[in-house]
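# Examining the three-dimensional arrangement
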Amino acid sequence: MRKIILLSLFSFILFSSQAQINWHYDMESAKQTALREGKLLLVDFWAIWCGPCKRMDSDLWESEEMTSLANNFVAFKLDVDNHQALARKYSVSSIPRVAIMTPDGDILWDRTGFSGANEYLSVLKALPADLKDMYVALNNLENEENSENLFQTAVAYQEVAKTIEYNSLSNQFFNASNRYFKKAAKEDDQVIGQLAELNEVLNLALRGASKKALKKLKKIDGLDTEVTQEFANYIRAYCFKCEGLDDKFNSEKEKITDPKLLAALDESN
């Protein structure tokens with residue numbers, strides 16, 4: 001009987017330790033950990049006098065559902081009274097507020113108030129597990145802002161967005177991708193500029209707006225290189241596949257020779 005009690009107690013302690021979030025209380029430490037582990041930063045803006053914050057702690061952060069999610073992000077609790085400058089930086093006017101951001105402070109999702117745990121859990125379940133490739137692209141861009149690095153950063157955000165099934169989160173990654181594509185399109189490299197413009201159209205299709213993407217594609221002129229023409233064919237083929245137009249899909253697919261583009265078409269839903 002004593003062994004059973006001890007085993008039960010050990011299991012409870014082990015479960016409790018697994019369920020707990022490893023909160024950071026220093027922003028710089030949290031950022032460096034997120035970069036090193038290739039994760040997003042979750043910031044919980046709170047205060048000791050905030051009733052809804054305490055309810056969020058008990059109903060969300062300390063819940064059983066958080067057991068398998070605590071390793072999906074790096075968490076930072078920001079006391080708005082003790083970190084007033086940071087609270088002002090992120091325009092915190094009401095708490096609790098939860099923000100999911102990159103280590104450089106780019107907010108990808110945030111919510112203010114707490115009426116229940118479900119929406120937060122849905123977002124946390126959808127967080128990408130490994131963002132190291134995206135952070136490499138961001139680091140390259142920080143070292144040198146040029147058309148190639150802007151374009152590769154946009155593609156990195158696009159690739160992550162494609163893996164996220166929760167729309168309100170994936171849309172933020174697509175939005176960030178488009179911002180970098182727009183910047184790349186303004187640079188001097190004409191081919192990268194055209195590919196950036198085409199990728200904005202592709203992002204529309206990836207978000208489920210294939211008909212709108214096809215209309216936008218018709219308005220893009222000057223695709224005078226083999227690379228840009230083939231990528232336009234790929235976008236059309238992808239849109240036709242989404243629309244279930246098999247004949248048009250096969251016709252566009254026949255124009256594509258790039259094995260990576262063909263593989264991407266075969267893998268797409």
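Just above sits the structure.
This structure, assessed with the given rule, holds 1 disulfide. With its sulfur 2.3 Å from that of its partner, Cys-50 forms a disulfide with Cys-53. Between Cys-50 and Cys-53 the sulfur-sulfur dihedral comes to about 80 degrees; the bridge is accordingly right-handed. A relative accessible area of 3% means that Cys-50 is categorised as buried. Of all cysteine sulfurs in the structure, the one in Cys-242 sits closest to Cys-239, which takes part in no disulfide; the separation is 6.3 Å. For Cys-242, a relative accessible area of 36% puts it in the partly exposed group.

This part covers the sheet that holds strand S1 (residues 23–24). Strands sit in the order S1-S3-S2-S4-S5 across an open sheet of 5 strands; the sheet is mixed. A single partner strand is all that each edge strand has here, and the edge strands are S1 and strand S5 (107–112). Of the pairings in the sheet, the one linking S1 to strand S3 (residues 73–79) comprises 2 bridges and is parallel in character. The residue of S3 that forms the bridge with His-24 is Phe-76.

The geometry of an aromatic ring pair comes down to the distance between the two centres and the angle between the two planes. What the rule picks out here adds up to 8 aromatic pairs. On the basis of an interplanar angle of 20 degrees and a centroid distance of 5.6 Å, the ring pair of Tyr-157 and Tyr-180 is categorised as stacked. With Tyr-157 in helix H7 (residues 147–163) and Tyr-180 in helix H8 (residues 167–185), the pair connects residues that are 23 residues apart, well separated along the chain. Each member of the pair, Tyr-157 as well as Tyr-180, is classed as buried. Summarising the aromatic geometry, the rings of Phe-231 and Tyr-234 are spaced 5.6 Å apart at their centres and angled 40 degrees between planes, so their arrangement reads as tilted. Placement of the pair is Phe-231 and Tyr-234 together in helix H11 (residues 226–243), with a separation of 3 residues, close to one helical turn. You can call Phe-231 buried: its relative accessible area is 12%.

It is characteristic of soluble globular proteins that their nonpolar side chains tend to be buried jointly. Formed by 70 residues in total, the largest nonpolar core has its most connected members in Trp-61 and Phe-173. Setting aside anything within four residues of it in sequence, one finds Phe-173 in contact with Leu-40, Leu-108, Pro-128, Met-134, Tyr-157, Val-160, Ala-161 and Ile-164.

Before going further, it helps to spend a moment on the environment of Asp-188. If you trace the backbone, Asp-188 turns up in the loop between H8 and helix H9 (190–206). With relative accessibility at 79%, the residue Asp-188 sits in the exposed group. Between the C-alpha atom of Asp-188 and that of Lys-162, which follows or precedes it by 26 residues, the distance is 28 Å.

Let's shift gears to the packing of H9 against helix H10 (residues 210–218). At their nearest, the axes of H9 and H10 sit 7 Å apart, and the two run at 160 degrees to each other. The angle between H9 and H10 falls in the class roughly antiparallel. Judged by the sense of rotation from one axis to the other, the crossing of H9 with H10 is left-handed. Packed against H9, whose contacting residues are Leu-198, Val-201, Leu-204 and Ala-205, the element H10 presents Ser-210, Lys-212, Ala-213, Lys-216 and Leu-217 at the interface. When its residues are assigned to classes, the contact of H9 with H10 shows 6 nonpolar, 1 polar and 2 charged.

Here we come to a positive patch on the surface. Residues Lys-211, Lys-212, Lys-215, Lys-216, Lys-218, Lys-219 and Lys-248 make up a contiguous surface patch of positive charge. With 5 residues, H10 is the single largest residue contributor to the positive patch. Within the secondary structure layout, Lys-212 lies in helix H10. Look at Lys-212 and you get partly exposed, because its relative accessible area is 49%.

What follows covers a negative patch on the surface. A cluster of acidic side chains, namely Glu-145, Glu-148, Glu-187, Asp-188 and Asp-189, defines a negative patch on the protein surface. Relative accessible area serves as the criterion here: at 33%, Glu-187 is assigned to the partly exposed category.

Put simply, Ile-95 and Pro-96 share a cis peptide bond, and its omega is 5 degrees. Structurally, Pro-96 can be placed in the loop between helix H4 (84–89) and strand S4 (97–101). Of note in this structure, Ser-91 is not a glycine but carries a positive phi near 55 degrees. Relative to the helices and strands, Ser-91 resides in the loop between H4 and S4. Judged by relative accessible area, Ser-91 falls into the exposed class, the value being 58%.

Conventions we followed
Residues numbered from 1 in each chain as written. Predicted model: local features only at pLDDT ≥ 70, side-chain atom pairs only at ≥ 80, totals over all residues. Heavy atoms only, no water. Disulfide = S-S within 2.5 Å. Buried < 20%, exposed > 50% of the residue type's maximum accessible area, 1.4 Å probe, protein only. Pairing = 2+ DSSP bridges. Helix = DSSP H or I, 4+ residues; strand = E, 2+ residues; numbered from the N terminus. Phe/Tyr/Trp six-rings, centres within 6.5 Å; stacked < 30°, edge-to-face > 60°. Core = buried A, V, L, I, M, F, W, Y, C linked by side-chain atoms within 4.5 Å. Contact = heavy atoms within 4.5 Å. Axes fitted to C-alpha atoms, helices over the stretch in contact; angles between N-to-C directions. Parallel < 35°, antiparallel > 145°, perpendicular 65-115°, else oblique. Left-handed = near helix turned anticlockwise from the far one by under 90°. Nonpolar A, V, L, I, M, F, W, Y, C, P; charged D, E, K, R; others polar. Patch = residues over 30% accessible without salt bridge, like charges linked within 9 Å, V, L, I, M, F, W, Y side chains within 5 Å. Areas by Shrake-Rupley, 256 points an atom, 1.4 Å probe, with all protein chains shown as cover. Salt bridge = Lys/Arg side-chain N within 4 Å of Asp/Glu carboxyl O. Lys, Arg positive; Asp, Glu negative; His and termini not counted. Charge placed at Lys NZ, Arg CZ, Asp CG, Glu CD.

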